[in-house]
Amino acid sequence: QVQLVESGGGLVQPGGSLRLSCAASGRIFSINAMGWYRQAPGKQRDVVATITSGGSTNYVDSVAGRFTISRDNAKNTVYLQMNSLKPEDTAVYYCNADGITGSSWFSRNPFSSWGQGTQVTVSS
């Protein structure tokens, strides 16, 4: 069982910045990809940014150049630095991680976990 805890959301004005954090805990052998997704009211949940264990990143076009995803492997934590925020960035942001659980080779199992979400509101 792997749990993700998110923090850092809030209310900011257009052009402002926020930094989201997501820490994974549990019997984690390794984490492969981690990512941030968002869901606005009445909309589908869409990917925002992803990062692999090797540090390769991908961004949806609407946030490229404004958002930066990063991770601290020692802390099993992924971050999303959001700059130049726009009202259309308003959404609940969810963290996702996939990897392998277990403390030994015979107890390993794949996992994919989601956080509870954190609200980001961009408004004047």
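Residues numbered from 1 in each chain as written. Predicted model: local features only at pLDDT ≥ 70, side-chain atom pairs only at ≥ 80, totals over all residues. Heavy atoms only, no water.

Q: Now, about the packing of aromatic side chains: what can you tell me, with residues and values included?
A: Tallied over the full model, the rule gives 1 aromatic pair. Ring geometry for Y37 and W114: centres 4.8 Å apart, planes at 65°, overall edge-to-face. Of the two residues, Y37 sits in strand β4 (residues 28-39) while W114 sits in strand β10 (residues 109-114), which places them 77 residues apart along the sequence. Residue placement shows R45 over the ring face of Y94; its charged tip is 3.7 Å from the ring centre. Cation over ring: R108 sits above F29, and NZ or CZ is 3.8 Å from the ring centre. (Phe/Tyr/Trp six-rings, centres within 6.5 Å; stacked < 30°, edge-to-face > 60°. Helix = DSSP H or I, 4+ residues; strand = E, 2+ residues; numbered from the N terminus. Lys NZ or Arg CZ within 6 Å of the ring centre and 35° of its normal.)

Q: Tell me about the state of the cysteines, and name the residues and values.
A: One pass over the structure, following the stated rule, counts 1 disulfide. The disulfide partner of C22 is C95, and the S-S distance across this bridge is 2.2 Å. The sign of the -85° torsion about the S-S bond sets the C22-C95 disulfide as left-handed. Here C22, found in strand β3 (residues 18-26), pairs with C95, found in strand β9 (residues 91-101); they are 73 residues apart in sequence, far enough to count as distant. Of the two residues, C22 and C95, both sit in the buried class. (Disulfide = S-S within 2.5 Å. Buried < 20%, exposed > 50% of the residue type's maximum accessible area, 1.4 Å probe, protein only.)

Q: Talk me through the environment of L11; I want residue IDs and the actual numbers.
A: The topology assignment puts L11 in strand β2 (residues 10-12). Considered as a pair, L11 and S123 are 112 residues apart in the sequence and their alpha carbons are 7.2 Å apart.

Q: How would you explain the nonpolar core if you had to name every residue and give the values?
A: W36, V48, F67, V78, L80, M82 and Y93 are the most contacted members of the largest nonpolar core, which totals 28 residues. Setting aside residues up to four positions removed in sequence, Y93 forms contacts with E6, L20, W36, Y37, R38, V48, F67, L80, M82, G117, T118 and V120. (Core = buried A, V, L, I, M, F, W, Y, C linked by side-chain atoms within 4.5 Å. Contact = heavy atoms within 4.5 Å.)

Q: Hey, could you go over the pattern of salt bridges for me, with residue numbers and the actual values?
A: Taken as a whole and judged by the stated rule, the model has 2 salt bridges. A salt bridge links R38 to D89, with the nearest nitrogen and oxygen atoms 3.0 Å apart. One end of the pair, R38, is in strand β4; the other, D89, is in the loop between β8 (77-82) and β9, with 51 residues separating them in the sequence. Take R38 and D89: they sit in the same class, and that class is buried. For D89, the salt bridge identified is with R66, shortest N-O distance 2.8 Å. One end of the pair, D89, is in the loop between β8 and β9; the other, R66, is in the loop between β6 (57-59) and β7 (67-72), and 23 residues separate them in sequence. Taken as a pair, D89 and R66 share a single burial class, namely buried. Among the charged side chains, a network of salt bridges with common partners joins R38, R66 and D89. (Salt bridge = Lys/Arg side-chain N within 4 Å of Asp/Glu carboxyl O.)

Q: Please set out the sheet that holds β3 residue by residue, giving values where relevant.
A: Two pairing modes exist for strands in a sheet, parallel and antiparallel, and in both the strands are linked by backbone hydrogen bonds. Taken in spatial order, the 4 strands of this open sheet run β1-β3-β8-β7, and their pairing is antiparallel. Every other strand in the sheet has two partners, leaving β1 (2-7) and β7 as the edge strands with one partner each. Pairs of neighbouring strands in the sheet enclose a mean axial angle of 15°, with direction left out of account. When β7 meets β8, the two strands line up antiparallel, connected through 6 bridges. (Pairing = 2+ DSSP bridges. Axes fitted to C-alpha atoms, helices over the stretch in contact; angles between N-to-C directions.)

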